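# Structural characterization, general
Read off the chains here:
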Amino acid sequence: MFFERSVKDYINIDPLQTGSKLTDDAKKVLLEWGDGYSICDYCTGKLEEISKPPIKRFAEELLEFLDCDCVRFTTGAREGKFVVMHSLSREYPDKKYVVVDANAHYSTILSAERAGLKILKVENSGYPEYKVNVEKYKEILESRSDILLVVLTYPDGNYGNLPDAKRVSEFCKREEVPLLLNCAYSIGRMPVSLRDIGADFAVASGHKSMASSGPVGLLCFSDEYKKVIAKQSKYKKGKEVEFLGCSARGVPLLTLMASFDHVKERVKKWEKEVEKARWFSEEMEKMEIRQLGEKPHNHDLMFFESEVLYDISTRVKKGRYFLYKELKKRRIHGIKPGLTKNFKLSTYLVPKEDLKIVLEAFEEIISTYS
Ligand SMILES: *Cc1c(COP(=O)(O)O)cnc(C)c1O
């Protein structure tokens, strides 16, 4: 049975998908290695050590790419966060709190919940920028001694705000609390150096930002935490407990690997992507569709607010689905059905010509219904 995907030739501005479109190499690999456990043909017991296909070399190249000491494959960013929280909580049972920013992804909260940890939140500035006040970390970290971990969302998946991670890492270092960066929306899109930022851990999402089918992700960490994260089984030699012996054992990992050359090149063009996002935001604002979050913006993921579109939705027959339907008619995919007042989109790797079509669509839709 074959299912066709209806939006496959559309202009895609879905924030979940702009960074995860497969490269041609990844598509080929997907077919060739799609059979279950084909990745294990020549495995000698550890995923990161497989040399055919060259996973071992890939893992080594990732260390250079991310400027960190260790890497493990996971099934996603969230699984990486859980591994860090769970393993640290076992090591330091007296420390009960995870400090998260107010823009944290729900999976950060669930990871903490699953690991039996409590949460302390650092508020954001609220409407319209929703910026995380990084100076607040100093206060919180100095105020208590039972903080296990700080998780900073870099950037967050709602507004695309990029907080000053280096500043947070300074406070963490001073109080000797480890810092985990959630890079689901950054690693694979923009340059990230763990050493430069001074983070102890980072997680990445292959199916969000690394041109991979997923589910697959990365957990990167410093040597200092190797014993905790990569704890060896007492019973099964060579197997790491937190990863249940093996993690992303299949074709998702191979699509990640096949796209890596492309990903290495595209992060070098990050400045151009930011420039394009800012241009798009300015054009939207000319139509009174306001960009919330940091301004000028530093990321391709943007959150918009539109009274005009909301107002139309209250009057027309299709109601709040009118925008989705109008965009679909123009073969534009990515704004969630039913949203009009607030919606997010991403301009990442979308050609400027296509973005012009998107802008014209908004213009037409507004003038048709006004
Ligand atoms: C998408 C997203 C995630 C989830 O990533 P998975 O790899 O699917 O677990 C986590 N955090 C942020 C900020 C995200 O945007």
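In this text, all values refer to a predicted model and were calculated from it rather than measured experimentally. Each chain has its residues counted from 1, running along the sequence as written. Local features in this predicted model are restricted to residues of pLDDT 70 or higher, and side-chain atom pairs are both shown and tallied only at a pLDDT of 80 or more, whereas totals for entire chains, interfaces and linings draw on every residue. To get the side-chain values, take all heavy atoms of the structure and skip hydrogens and water.

## Some remarks on the nonpolar core
With 59 residues, the main nonpolar core has Phe73, Tyr137, Leu181, Leu218 and Leu253 as its most contacted residues. Secondary structure elements are taken from DSSP: a helix is a run of H or I of four residues or more, a strand is a run of E of two residues or more, and numbering for both begins at the N terminus. Sorting elements by how many residues they give to this core places helix α2 (residues 55-66) first, with 6 residues. Structurally, this core is a two-domain feature, drawing no fewer than three residues from each of domain 1 (11-18 + 269-369) and domain 2 (24-258). When checking whether two residues touch, look at their non-hydrogen atoms; a contact exists if any pair is within 4.5 Å. If we ignore the near neighbours within four places in the chain, the residues touching Tyr137 are Val99, Val100, Asp101, Val122, Val132, Val150, Val151, Leu152, Val168 and Phe171. Definition of nonpolar core: a set of buried residues of the types Ala, Val, Leu, Ile, Met, Phe, Trp, Tyr and Cys, connected through side-chain atoms within 4.5 Å. Only protein chains enter the calculation, and the probe is 1.4 Å; a residue is then buried if its accessible area is under 20% of its type maximum, exposed if over 50%, and partly exposed in between. Core analysis: the next-biggest nonpolar cluster, separate from the first, contains 29 residues, Val350, Ala361, Phe362 and Ile365 among them. Segment limits for the domains were obtained from an automatic or database-derived domain assignment.

## Observations concerning the packing of aromatic side chains
In this scheme Phe, Tyr and Trp rings, the latter by its six-membered ring, pair at centre separations within 6.5 Å, and the angle between planes marks the pair as stacked below 30 degrees, edge-to-face above 60, and tilted otherwise. A full pass over the atoms with the stated rule returns 12 aromatic pairs. When the ring of Tyr159 is compared with that of Phe303, the centres are 5.0 Å apart and the planes differ by 55°; the resulting orientation is tilted. Separated by 144 residues along the polypeptide, Tyr159 in the loop between β5 (147-153) and α6 (165-175) and Phe303 in strand β10 (residues 301-305) bring together distant segments of the chain. Assessed through its relative accessible area of 10%, Tyr159 is described here as buried. With a relative accessible area of 12%, Phe303 lands in the buried category. Ring-pair connections join several aromatic residues into one group, and the members of that group are Phe58, Phe65, Phe73 and Phe260. Think of it as a cone above the ring: NZ of Lys or CZ of Arg counts as a charge over the ring if it is within 6 Å of the ring centre and within 35 degrees of the ring normal. Above the face of the Phe82 ring, Arg114 is positioned so that its terminal group lies 4.0 Å from the ring centre. It is Lys341 that lies over the ring of Tyr310; its NZ or CZ is 5.5 Å from the centre.

## Considerations on the sheet that holds strand β3 (residues 97-101)
The strands that make up a sheet pair up through hydrogen bonds in the backbone, lying either parallel or antiparallel. Two strands qualify as a pair provided that DSSP identifies no fewer than 2 bridges between them. In spatial order, the strands read β2-β8-β7-β6-β5-β3-β4; together these 7 strands make up an open sheet with mixed pairing. Looking at strand neighbours, the two that pair on one side only are β2 (70-74) and β4 (118-122), the edges of this open sheet. Strand-to-strand twist in this sheet, taken as the mean axis angle between neighbours without regard to direction, amounts to 20°. Taken together, the 5 bridges between strand β7 (residues 201-205) and strand β8 (residues 217-221) define a ladder with antiparallel strand orientation. The residue bridging Phe201 from the neighbouring strand is Phe221, located in β8. An axis is simply a line fitted to the C-alpha atoms; with a helix, the fit covers only the stretch in contact. Between two such axes, the angle follows the N-to-C directions and lies from 0 to 180 degrees. On the sheet, helix α4 (residues 106-114) packs against β3, β4, β5 and β6 (179-182) and is oriented at approximately 175° with respect to β3.

## Section: the domain arrangement of the protein chain
For the protein chain, the assigned domains read domain 1 (11-18 + 269-369) and domain 2 (24-258). Inter-centroid distance (C-alpha atoms) of domain 1 to domain 2 is 30 Å. Taken together, the 20 residues of domain 1 in the interface contact 20 residues of domain 2. Buried area adds together the accessible area that both of two parts lose upon being put together, with accessible area traced by a 1.4 Å probe. Its largest share of buried area at the contact with domain 2, domain 1 owes to Trp270, Glu294 and His299, together 31% of the area lost on that side. Salt bridge, as used here: a side-chain nitrogen of Lys or Arg that lies within 4 Å of a carboxyl oxygen of Asp or Glu. Counting every contact that joins domain 1 to domain 2 gives 1 salt bridge. Distance and chemistry together define a polar contact, namely a pair of N or O atoms within 3.5 Å, with one atom able to donate a hydrogen and the other to accept it when in protein, and with adjacent residues in sequence counting only for side-chain atoms on both sides. Where domain 1 meets domain 2, there are 14 residue pairs in polar contact (both at pLDDT 80 or more). At the level of elements, β9 (290-292), β10 and β12 (342-346) are the ones that each hand at least two residues to the side of domain 1 that touches domain 2. In terms of residues, the side of domain 1 that touches domain 2 owes the most to one element, β10, which gives 4 residues. Of the residues that constitute the side of domain 1 that touches domain 2, the class distribution is 8 nonpolar, 6 polar and 6 charged. Under the scheme applied here, ten amino acids are nonpolar (Ala, Val, Leu, Ile, Met, Phe, Trp, Tyr, Cys and Pro), four are charged (Asp, Glu, Lys and Arg), and all others, including Gly, are polar.

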